[in-house]
Amino acid sequence: MSGEVAARLAELGLTLPEVVPPLAAYQPAVRSGQYVFTSGQLPIVDGKLPATGKVGAEVTPEQAKDLARVCALNALAAVKSVTGDLDRIARVVKVTGFVASDPSFTGQPGVVNGASELLGEVLGGKGVHARSAVGVAVLPLDAPVEVELQVELLP
C-alpha cells in the first residue's frame, strides 16, 4: 500500500485490514463507472466481532462509536479491493450507518460519527460526505453497528 492515503493511515497508527469475507451471497464492494458501493461492513476484527448487542443496553454509545470507526476501516479495505489504490478516491459521497438500538436509544448520529470522523481523518476534505444514521432492531451476527460507503473515483 503506497501513496498519500497509506501515509495518512500510518501517521494515525491505523492499519488497513484484510477485506472481511462476505457472510452471504454478495460482494464486499462493486464498482459501477466512477463509483464504488460497499456492502454493509460490520466491525469485524481478526474474524470476530469485539462486541455484540444493542447500543444503549449491552453496548455503550462510546463503544459503538469506536466500532463504527472499525466499520469505516473495513469499508475502505473493501473499496481498495476493487480500486487497487485508495488514492483513486475523489470523494466519499454518502455514508449510511445502521445502529442496533435499544428502543430508548436516540443517539444514532453520535455513533455513526465514529465512521464519519475516521473518513475525515484519513481522507481530509475527500472524506466529507452526505450521511444517514438509522436505528434498527437487529443487525447480522448481533453486531451493534454496520456502515456502508458510496465513493466517487478520480477519472
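Overview of the structure. Note that the coordinates shown come from a computational prediction; the quantities given were computed from them, not determined experimentally. (Residues numbered from 1 in each chain as written. Predicted model: local features only at pLDDT ≥ 70, side-chain atom pairs only at ≥ 80, totals over all residues. Heavy atoms only, no water.)

Here we look at the packing of helix α2 (residues 61-83) against helix α3 (residues 108-123)
Their axes nearest at 7 Å, the elements α2 and α3 cross at an angle of 45°. Classified by the angle between their axes, α2 and α3 sit oblique to one another. Crossing handedness for the pair α2 and α3: right-handed. Side by side, α2 and α3 meet where Pro-61, Ala-64, Lys-65, Ala-68, Arg-69, Ala-72, Leu-73 and Leu-76 of the first sit next to Gly-110, Val-111, Val-112, Asn-113, Gly-114, Ala-115, Glu-117, Leu-118, Leu-119, Glu-121, Val-122 and Leu-123 of the second. Across the contact of α2 with α3, the residue classes tally to 13 nonpolar, three polar and four charged. (Axes fitted to C-alpha atoms, helices over the stretch in contact; angles between N-to-C directions. Helix = DSSP H or I, 4+ residues; strand = E, 2+ residues; numbered from the N terminus. Parallel < 35°, antiparallel > 145°, perpendicular 65-115°, else oblique. Left-handed = near helix turned anticlockwise from the far one by under 90°. Contact = heavy atoms within 4.5 Å. Nonpolar A, V, L, I, M, F, W, Y, C, P; charged D, E, K, R; others polar.)

Description of the pairing of strand β1 (residues 29-32)
In this structure, β1 lies alongside strand β2 (residues 35-38), joined through four bridges in antiparallel fashion. Across the sheet, the residue bridging to Ala-29 is Thr-38, located in β2. The hairpin turn running from β1 into β2, its antiparallel successor, is two residues long, and Gly-33 in that turn takes a positive phi close to 60°. (Pairing = 2+ DSSP bridges.)

A short note on the side chain of Thr-83
Along the polypeptide, Thr-83 turns up in helix α2. Setting aside residues no more than four positions away along its own chain, Thr-83 makes contact with Val-36, Arg-88 and Leu-153.

Re α2
Taking 1.5 Å per residue as the helical rise, α2 with its 23 residues ought to reach 33 Å, and the 33 Å between its terminal C-alpha atoms agrees with that figure. Once α2 ends, the next one or two residues include Gly-84, with phi positive near 85°. (Expected span 1.5 Å × (residues − 1).)

Brief notes about the sheet that holds β1
Overall, mixed pairing links the five strands, which are arranged β1-β2-β5-β3-β4 in an open sheet. Each edge of the sheet is formed by a strand with only one pairing partner; in this case those strands are β1 and β4 (130-136). Each neighbouring strand pair of the sheet contributes to a mean axis angle of 15°, computed without reference to strand direction. Bridge count between β2 and strand β5 (residues 145-153): three bridges; the pairing is antiparallel. Paired with Tyr-35 across the strands is Glu-152, a residue of β5.

Notes on the packing of aromatic side chains
As enumerated under the stated definition, the model contains one aromatic pair in all. For the ring pair Tyr-35 and Phe-37, a centre distance of 6.5 Å and an interplane angle of 40° mean the geometry is tilted. (Phe/Tyr/Trp six-rings, centres within 6.5 Å; stacked < 30°, edge-to-face > 60°.)

A short note on helix α1 (residues 4-11)
Within α1, burial applies to Val-5, Ala-6 and Leu-9. Burial along α1 is one-sided: seen end-on, the buried residues are contained in an arc of 100°. Opposite the buried face of α1, at more than 90 degrees from it, the exposed residues are Glu-4, Ala-10 and Glu-11. On its buried face, α1 sits against α2 and α3. Trailing α1 by a residue or two, Gly-13 shows a phi angle of about 75°, which is positive. (Buried < 20%, exposed > 50% of the residue type's maximum accessible area, 1.4 Å probe, protein only. Arc of directions from axis to C-beta.)

Without other data, these values stay purely geometric and don't point to any function.
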